[in-house]
Amino acid sequence: MAGGYERVNAHDEEDHGLSQPTPSSPPPSFHSRSSSPNSRRHQQVDSTLADAFDDDDDNTDDEFDDRQRHHFANPNADSVQRTARVMGGGGATDGVFANMSARPERQDAEKEEQPPTYEQAAADAVPPYWETTIFAPGMGGADEVYVDGLPVGSVFSFIWNGMISTSFQLVGFLLTYLLHSTHAAKNGSRAGLGITLIQYGFYMKADPVGDAPSNMGGQDGYAAPPDPNSHDFDEHEVTDGGDTLDFSGGDWLAYVLMIVGWFILIKSTVEYLKARRHEQLVLQTHDRGLGVPNCSLECIRLVLGHCAVRYGSDSNRALVDNLYEAGLIKSPIVKDAFLKVDRADYAPHNPYKDCPQSIGHSATISAPHMHASAIEYCLAYLSPDKERRVLDIGSGSGYLTHILAEMVGDKGTVVGLEHIRELRDLGERNAQKSARGRQLLEAGRIKFRHGDGRKGWVEDGKSDWDVIHVGASARILHEELLEQLKAPGCMFIPVDDEHGIDQSVWRIEKDAKGEITRQRLFGVRYVPLTDPPRGS
Ligand code: SAH
């Protein structure tokens, strides 16, 4: 069915030709949100979401409900009502349909589609303050925010550490710096070092040798006032002009120390303020008003356990096992593919945490659960039984490109397409880090290309793709991508909503006859699919 809304029966996954069922639950981030301040709306949303991802199989129902109970910790989760799934939902002016000739007609069914909540939209959040920011339970109470893996800490802690670092000078600095556990402590300690250096500079400048009273032989034992007519300089060294500024070596050192000290002091203060601002941004987002934690934390907490919120898993296997056990990777085939690719080759920091991370150029490597979800929604089209061609638009780190290549097997080809040349190169370099990656590159099973993904891609004279994965949020569903999707084929693409604020992932499926079905999966937050920055 092209265009219009459709109620999907209980076996629609089979209709799609999926050998593995479409994941019967929303992606983790999606699960993990209790979403609204209004409990009635909350329940509606949950109920719609539950239906949207449930395949009505009894066992799966139980699993789903168990997981939902786990995620929401909601004793009423069982009472979630079920309605038929709506496919191809979205408002009449939804961006995903904006350039399609076959627009869906407005029907009552569309009312069943709830607008995404803020929490859903933030599910795979990538704005800078979100990439490395999580809410952590425990230590600092519910509202403690982690920025770059460290709690922010209070102003008091900043000042206190600064004072210790200053008072005990280098020893104080070393102690406070080595023992710091917050941004406040770390930067306070550095600020203290800065002050210490400035002090040293002052001491050296105001050299006490010349100023100290040299003789205490005055009246009553007090220092004798200096004789105004005496001088202790060499008259031959006196010049008549001030035309040269005479700095001794000690003066220079003093100035250097002071400048370095000021630099350290200012930098550490600015860094602390930045971390605090970061914290404020996160705390001010309106989901905090609901008193529910950020989704990413929920996912991480669920996957890795409380301690792991801070420390993550310690190996790729542990990460993948945890994702699998938590139901964030559902298929053993997908699990095997994830095990073959070490995320440490692709993620610059904390590779074994289920978090998105910055890879530079305002791009991020998505959280592994998002990659898993993207693969599982198109699983049937990635089977290695025939020659598969996969296009990964916005390949970024190259991690997903590599995993997709493991999925499609020896006959398949995966093209990672990037519009930023440096990121295209980064993807290729990352793949070259492992013997397996090098082998795939040499065999031409992975190719990294530079180009604008909105226009699709032609490789080896062919422009038809079994699977198109788009790793950045499109303003509209680009016609070129639809055309390049094979019949049958499957596309996973985040698309902005009509206001350009929220985004949703859509699963677009073309059947063998070329008929297109669109299914809105869940809200996300991806970087935009845009023009390349200048010079790329
Ligand atoms: N999936 C990747 C990266 C996701 S970030 C990973 O997980 O590592 C999204 C990527 O899309 C960025 O690298 C960005 O440069 C790229 N991108 C954005 N607009 C694009 C366009 N028009 N064409 C190709 N790539 C684009």
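The coordinates are above.
A brief look at the structure comes next. (Residues numbered from 1 in each chain as written. Predicted model: local features only at pLDDT ≥ 70, side-chain atom pairs only at ≥ 80, totals over all residues. Heavy atoms only, no water.)

## Let's talk about the state of the cysteines
1) Next: One pass over the full model with this rule turns up one disulfide.
2) Next: Between the sulfur atoms of C378 and its disulfide partner C490 the distance amounts to 2.4 Å. For the disulfide bridge between C378 and C490, the dihedral angle about the S-S bond is near -65°, and by the sign convention the bridge is left-handed. Residue C378 is found in the loop between helix 15 (368-377) and strand 8 (389-393), and its partner C490 is found in strand 12 (residues 485-496); the two are separated by 112 residues along the sequence. This pair shows no difference in class: C378 is buried, exactly as C490 is. (Disulfide = S-S within 2.5 Å. Helix = DSSP H or I, 4+ residues; strand = E, 2+ residues; numbered from the N terminus. Buried < 20%, exposed > 50% of the residue type's maximum accessible area, 1.4 Å probe, protein only.)

## Points about the pairing of strand 6 (residues 357-360)
1) Next: As defined by bridge partners, strand 6 adjoins strand 7 (residues 363-365) across three bridges and the pair is classed as antiparallel. Counterpart to G360 in the pairing with strand 7 is A363.
2) Next: Between strand 6 and strand 7, which pair antiparallel in sequence order, lie two residues; one of them, H361, sits at a positive phi of approximately 55°. (Pairing = 2+ DSSP bridges.)

## With respect to the sheet that holds strand 14 (residues 516-524)
The strands making up a sheet associate through backbone hydrogen bonding, with each pair oriented either parallel or antiparallel.
1) Next: Spatially, seven strands are ordered 10-9-8-11-12-13-14 in an open sheet, and the strand pairing comes out mixed. The strands lining the two open edges of the sheet, one partner per strand, are strand 10 (446-450) and strand 14. Geometrically, the sheet is characterised by an average inter-axis angle of 15° between neighbouring strands, direction not taken into account.
2) Next: Here eight bridges tie strand 13 (residues 503-510) to strand 14, and the two strands are oriented antiparallel to one another. Bridge pairing links V505 to F522 in strand 14. (Axes fitted to C-alpha atoms, helices over the stretch in contact; angles between N-to-C directions.)

## A few points about the site of the ligand
1) Next: Within the structure, the ligand sits among 24 residues, and H371, S397, E418, G453 and T530 are positioned closest to it.
2) Next: The contact in question runs from a nitrogen atom of the ligand to an N or O atom on the backbone of G394, over 3.2 Å.
3) Next: Contact between the ligand and S397: an oxygen atom at 2.7 Å from a side-chain N or O atom of the residue.
4) Next: Isolated, the ligand exposes 570 Å² of accessible area, and the fraction of that covered by the protein chains is 98%. (Near = heavy atom within 4 Å. Polar contact = N/O pair within 3.5 Å; in protein donor to acceptor, adjacent residues only side chain to side chain. Areas by Shrake-Rupley, 256 points an atom, 1.4 Å probe, with all protein chains shown as cover.)

## What to know about the packing of helix 14 (residues 332-340) against helix 16 (residues 399-408)
1) Next: Their axes nearest at 9 Å, the elements helix 14 and helix 16 cross at an angle of 125°. If you check the angle between helix 14 and helix 16, you find them oblique. Considering how the two elements wind past one another, helix 14 and helix 16 form a crossing that is right-handed. Here I333, V334, A337, F338 and K340 of helix 14 lie close against helix 16, whose contacting residues are Y399, I403, E406 and M407.
2) Next: Tallied by class, residues from the contact of helix 14 with helix 16 come to seven nonpolar, no polar and two charged. (Parallel < 35°, antiparallel > 145°, perpendicular 65-115°, else oblique. Left-handed = near helix turned anticlockwise from the far one by under 90°. Contact = heavy atoms within 4.5 Å. Nonpolar A, V, L, I, M, F, W, Y, C, P; charged D, E, K, R; others polar.)

## Looking at a nonpolar patch on the surface
1) Next: Side chains of F168, V171, L174, L175, L178 and L179 sit close together on the surface and give an oily, nonpolar patch of about 690 Å² of accessible area.
2) Next: Considering the arrangement of structural elements, one finds L179 in helix 8 (residues 169-179).
3) Next: Residue classification places L179 among the exposed residues on the basis of a relative accessible area of 65%. (Patch = residues over 30% accessible without salt bridge, like charges linked within 9 Å, V, L, I, M, F, W, Y side chains within 5 Å. Salt bridge = Lys/Arg side-chain N within 4 Å of Asp/Glu carboxyl O.)

## With respect to the side chain of N187
1) Next: On the secondary structure map, N187 appears in helix 9 (residues 183-205).
2) Next: Using a relative accessible area of 1% as the deciding quantity, one classes N187 as buried.
3) Next: Excluding anything up to four places from it in sequence, N187 contacts F158, S268, E271 and Y272.

## Digging into helix 14
An α-helix turns once per 3.6 residues; consequently, residues spaced three or four apart project the same way.
1) Next: Turning to helix 14, its buried residues are V334, K335, A337 and F338. Here the buried residues of helix 14 occupy an arc of 160° about the axis, which is enough to place them on one side.
2) Next: Close packing links the buried residues of helix 14 with helix 13 (316-325), helix 15 and helix 16.
3) Next: The distance from a side-chain oxygen at the start of helix 14 to the backbone nitrogen of I333 is 3.0 Å, and the residue carrying that oxygen is S331. (Arc of directions from axis to C-beta.)

## What to know about the nonpolar core
1) Next: Core analysis: the biggest nonpolar cluster contains 51 residues, and F338, I375, L382, F492 and F522 have the highest contact counts within it.
2) Next: With seven residues, helix 16 is the single largest residue contributor to this core.
3) Next: Those residues in contact with L382 that sit more than four places away from it in its chain are I375, R388, V390, L404, M407, V408 and V467.
4) Next: Grouped together as the second largest cluster of nonpolar side chains are 21 residues, W465, I468, L481 and M491 included. (Core = buried A, V, L, I, M, F, W, Y, C linked by side-chain atoms within 4.5 Å.)

Without other data, these values stay purely geometric and don't point to any function.
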